[in-house]
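Spelled out, the chains give:
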Amino acid sequence: MNKFVKKGLCIALAAGLIASSFAGCAKINYVTNGAVEAIYKVKDGTWQNEEGEDAGAETDGNAPVIDEFAAGTYGGVEFASIEDVVKFYVEAYDYSKTLTTQYKDDQGQTQTWYKLLGEENLEVGGIKIDGKENAMINNLVPGIVGGIYKPGLNGLVPSTNRNPDLDTDEWDGNGESLRTSRLVADDLAAANVKDNNDGTITIQLQPKAVNMSMPGKDAQGHVFQTLGAIDATVDSIEMLSWSEGTTAENCKVNYQGGVATVTIDVASKEIKSAEYKMIAEVAVTHATIAVIKDKSASLTVTMTWSYPASEDYLMKSKGVTLA
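Residues numbered from 1 in each chain as written. Predicted model: local features only at pLDDT ≥ 70, side-chain atom pairs only at ≥ 80, totals over all residues. Heavy atoms only, no water.

**Side note on the sheet that holds strand 4 (residues 100-104)**
Here is step 1: In spatial order, the strands read 5-4-16; together these three strands make up an open sheet with antiparallel pairing. In this open sheet, the two strands that pair with only one neighbour each are strand 5 (110-114) and strand 16 (321-322).
Here is step 2: Alignment of strand 4 against strand 16, held across two bridges, turns out to be antiparallel. Considered in strand 16, the bridge of Lys104 is made with Thr321. (Pairing = 2+ DSSP bridges. Helix = DSSP H or I, 4+ residues; strand = E, 2+ residues; numbered from the N terminus.)

Pasting the structure below:
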């Protein structure tokens with residue numbers, strides 16, 4: 001393994017393990033230490049010497065990535081402004097989260113949870129070391145991060161739980177309730193509506209860019225289940241330190257370009273299906289691991305929540321069945 005790749009992979013892993021925090025990984029030290037040890041045991045020459053490629057230019061985090069809003073009547077409902085889109089979405093979101101059903105958990109106990117639970121998936125890509133890309137690193141890091149990622153099962157994002165009583169903006173269940181949406185029109189960079197001509201409409205929402213978003217507390221956190229503060233997670237990586245500055249100064253998570261696509265029954269205002277795709281750019285600077293000094297790394301995390309969760313997903317991911 002060439003020198004650039006070996007050093008780059010270590011730093012990319014640090015960024016990758018931060019990405020894994022989106023799934024609440026509980027064994028960051030174990031995985032970090034084991035992965036780095038394995039990297040240093042790989043013999044020189046195992047991998048091709050691939051030169052890094054310069055990263056592309058940054059883009060405007062609030063540039064619309066969906067169609068513009070067009071005033072009109074959709075599904076028999078008049079939408080004169082983005083405010084009307086948000087109002088309809090909030091009403092549908094709030095109603096849908098009043099609906100519950102019974103499940104059997106992995107212990108065989110009957111539980112009353114949200115009717116609409118979602119599948120969760122994490123993808124990592126676009127890895128750059130000191131502003132350059134390397135194919136081998138891009139191939140290895142997602143697999144390592146994916147190996148520690150455990151898919152969740154929650155209500156409509158930004159839900160932090162499947163149990164309505166524990167669904168709060170604090171992960172321990174002691175915060176303010178997330179049973180109702182906090183979205184307002186000023187949170188959005190773009191929105192639109194489509195008439196499906198079957199009694200449903202599909203609304204798309206693109207929240208404004210935010211750095212270090214908190215669930216339920218800002219534009220991104222009003223739409224997605226964002227990561228929140230990462231200082232404690234990063235500081236728990238024992239092999240990682242900084243050549244200068246603090247964790248807060250050297251770790252950034254920029255949320256931008258994500259879109260929620262939600263299909264709603266117009267008559268009942270029940271959300272029938274949805275896909276929430278959140279995109280976060282994780283950046284680490286001035287990182288040091290062992291003899292590797294003052295390196296930077298960045299990568300893109302894409303989190304997708306799809307509703308409703310299939311019976312197969314319920315069973316395989318969490319051992320859950322409908323009661």
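Next, the rest of the story.
**Comments concerning the environment of Ala323**
Here is step 1: With respect to the helices and strands, the residue Ala323 is situated in the segment after strand 16.
Here is step 2: For the pair Ala323 and Gln109, spaced 214 residues apart in sequence, the C-alpha separation works out to 9.2 Å.
Here is step 3: Discounting chain neighbours no more than four positions away, the residues touching Ala323 are Gln102, Tyr103 and Lys104. (Contact = heavy atoms within 4.5 Å.)

**What to know about the packing of aromatic side chains**
Here is step 1: A complete count under the given rule lists six aromatic pairs for this structure.
Here is step 2: Between Tyr276 and Tyr307, the ring centres sit 5.8 Å apart and the planes meet at 80 degrees, which makes this aromatic pair edge-to-face. Here Tyr276 is found in strand 14 (residues 271-289), whereas its partner Tyr307 is found in strand 15 (residues 292-307), with 31 residues between them in sequence. Taken as a pair, Tyr276 and Tyr307 share a single burial class, namely buried.
Here is step 3: Positioned above the aromatic ring of Trp113 is the side chain of Arg162, whose terminal nitrogen or guanidinium carbon lies 5.0 Å from the ring centre. (Phe/Tyr/Trp six-rings, centres within 6.5 Å; stacked < 30°, edge-to-face > 60°. Buried < 20%, exposed > 50% of the residue type's maximum accessible area, 1.4 Å probe, protein only. Lys NZ or Arg CZ within 6 Å of the ring centre and 35° of its normal.)

**A word on the pattern of salt bridges**
Here is step 1: For the structure on display, the rule yields nine salt bridges.
Here is step 2: The salt bridge involving Lys97 is made with Asp167; its shortest N-O contact spans 2.9 Å. Here the residue Lys97 occupies a position in the loop between helix 3 (82-96) and strand 4, and Asp167 occupies one in the loop between helix 4 (135-148) and strand 8 (188-195), the gap between them amounting to 70 residues. Each of the two residues, Lys97 as well as Asp167, counts as buried.
Here is step 3: Residue Lys208 pairs with Asp186 through a salt bridge whose shortest N-O separation is 3.2 Å. (Salt bridge = Lys/Arg side-chain N within 4 Å of Asp/Glu carboxyl O.)

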